Amino acid sequence: MKKNTDQKTEMILGCHVKMTAPEFLEGSVKEALSYGADALMLYTGAPQNTVRKPISTMHVQEARALMAENHLPMDRMIIHAPYIINPANSVKPEVMDLARSFLIQEVRRTAEIGAEDLVLHPGSYTSTDLETGIRTVIRQLNEIEPELSEGVTICLETMSGKGSEIGFSFEQLEEILSGLVNPERYGICLDTCHISDAGYDLTDFDAILDSFDHILGLSRLRVIHLNDSKNARGSHKDRHANLGLGEIGFDLLHSAAANPRTASVPKILETPYINAKPPYAIEIDMLRKGVFNPERLEALNQKEPETE
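What comes next is a walk through the structure. Please read these numbers as outputs of a predicted model, since none were measured by experiment.

## Concerning the overall build of the protein
Reasoning step 1: Helix and strand counts for the protein come out as 10 helices and 10 strands.
Reasoning step 2: In terms of C-alpha radius of gyration, the protein reaches 19 Å, essentially the compact-globule figure of 19 Å for 308 residues.
Reasoning step 3: Over its C-alpha atoms, taken along the principal directions, the protein stretches across nearly 55 × 45 × 45 Å.
Reasoning step 4: Counting over 308 residues, the protein shows a buried share of 55%.

Okay, here's the thing in structure tokens:
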């Protein structure tokens with residue numbers, strides 16, 4: 001289930017985009033293209049609830065045609081599972097039931113769209129403990145295994161360790177994967193903000209990749225969330241910052257994005273809007289040029305000229 005490494009691309013850069021009426025997925029692709037992106041990530045519905053429109057109403061064929069027209073394979077469309085799915089919760093039966101049923105639904109929706117990767121937060125153990133949380137995730141994922149659609153890789157995301165989150169070390173993720181019935185259908189999404197907040201040092205990204213490869217295997221790395229952090233390394237706080245305006249810094253993030261060992265892996269920006277404006281076109285352009293220009297981001301704070 002490894003990404004196609006035959007693609008000759010220096011950097012695959014994308015961002016989180018909206019998915020709203022009336023164009024739905026087609027509009028999502030248009031938004032990504034307007035930023036100069038060649039990848040995108042989206043929710044198939046609101047991340048805070050279970051309300052979902054049928055995939056048949058969401059302009060899937062139009063979105064696929066637009067991606068093909070722009071030479072973007074469908075593995076450049078990443079789906080993110082909603083945050084309300086918590087597979088590590090063993091305290092509330094209703095939350096456990098929701099995690100199972102809703103994750104099955106989201107995997108099926110991802111397959112129906114034609115996307116290949118579904119990013120999933122491993123969850124929080126709430127009032128139990130870390131090991132109980134890890135065992136719960138393993139049990140939950142194994143229980144739904146027979147009902148999951150083929151062709152979709154569930155990508156467990158690296159977390160910051162905020163509160164009772166699990167998955168803030170490569171070792172924890174490996175423990176989860178090693179307990180799964182079919183680990184080959186799972187991958188990893190590496191978030192630069194999260195791993196920095198968890199204590200990993202991004203000053204040597206190759207060392208991080210070496211550790212990842214030794215513990216998890218680089219073939220499992222399916223997606224990178226490229227985010228700066230508002231907090232110092234090891235803070236366990238998970239607050240994203242715009243590229244170059246946080247504690248990691250533009251140079252280290254550009255080095256991670258341009259690393260040839262991850263050339264075939266989509267890098268997705270989840271950085272904050274500035275003055276209610278998306279920064280993605282500017283950030284993607286700076287990454288492609290390898291030049292940080294904070295004035296371009298700061299210009300987004302300027303008020304729009306008033307019209308008569």
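## Digging into the pairing of strand 1 (residues 13-16)
Reasoning step 1: Across three bridges, the pairing between strand 1 and strand 10 (residues 267-269) is parallel. The residue of strand 10 that forms the bridge with Gly14 is Ile268.
Reasoning step 2: One ladder, built from three bridges, connects strand 1 with strand 2 (residues 39-42); its direction is parallel. Along strand 2, the bridge assignment pairs Cys15 with Leu40.
Reasoning step 3: Handedness of the crossover joining strand 1 and strand 2 through helix 1 (residues 25-34) is recorded here as right-handed.

## Notes on the side chain of Ser196
Reasoning step 1: Tracing the backbone shows Ser196 in helix 6 (residues 192-198).
Reasoning step 2: Classification of Ser196 as buried rests on a relative accessible area of 6%.
Reasoning step 3: With residues near it in sequence (within four places) discarded, Ser196 still touches Leu202, Arg233, Gly234 and Ile248.

## So, unusual backbone geometry
Reasoning step 1: That bond from Ala21 to Pro22 is cis: its omega, 5°, falls within 30 degrees of zero.
Reasoning step 2: The residue Pro22 is located in the loop between strand 1 and helix 1 in this model.
Reasoning step 3: Even without being a glycine, His59 presents a positive backbone phi close to 55°.
Reasoning step 4: The phi angle at His71 is positive, at roughly 60°, despite the residue not being glycine.

## Focus on the layout of surface pockets
Reasoning step 1: Volume-wise, the largest pocket comes out at about 320 Å³.
Reasoning step 2: Lining the largest pocket are 18 residues, and of these His80, Tyr83, His121, Met159 and Asp238 lie nearest its centre.
Reasoning step 3: Taken together, the residues of the lining of the largest pocket break down into five nonpolar, eight polar and five charged.
Reasoning step 4: Here the second largest pocket is characterised by a volume of approximately 180 Å³.
Reasoning step 5: Met19, Tyr43, Thr44, Gly45 and Ala46 are the residues nearest the centre of the second largest pocket, which is lined by 14 residues in total.
Reasoning step 6: Tallied by class, the residues present in the lining of the second largest pocket amount to eight nonpolar, three polar and three charged.

The rules behind these values
- Residues numbered from 1 in each chain as written.
- Predicted model: local features only at pLDDT ≥ 70, side-chain atom pairs only at ≥ 80, totals over all residues.
- Heavy atoms only, no water.
- Helix = DSSP H or I, 4+ residues; strand = E, 2+ residues; numbered from the N terminus.
- Rg over C-alpha atoms; globule rule 2.2 N^0.38 Å.
- Buried < 20%, exposed > 50% of the residue type's maximum accessible area, 1.4 Å probe, protein only.
- Pairing = 2+ DSSP bridges.
- Right-handed = clockwise from strand over helix to strand, strands pointing away.
- Contact = heavy atoms within 4.5 Å.
- 1 Å grid on protein atoms, 1.4 Å probe; cavity = no way out; pocket = protein on both sides within 12 Å on 5 of 7 lines; lining within 4 Å.
- Points joined across faces, edges and corners; volume = space filled by probe spheres on them.
- Nonpolar A, V, L, I, M, F, W, Y, C, P; charged D, E, K, R; others polar.

Worth remembering: the numbers are spatial, not functional.
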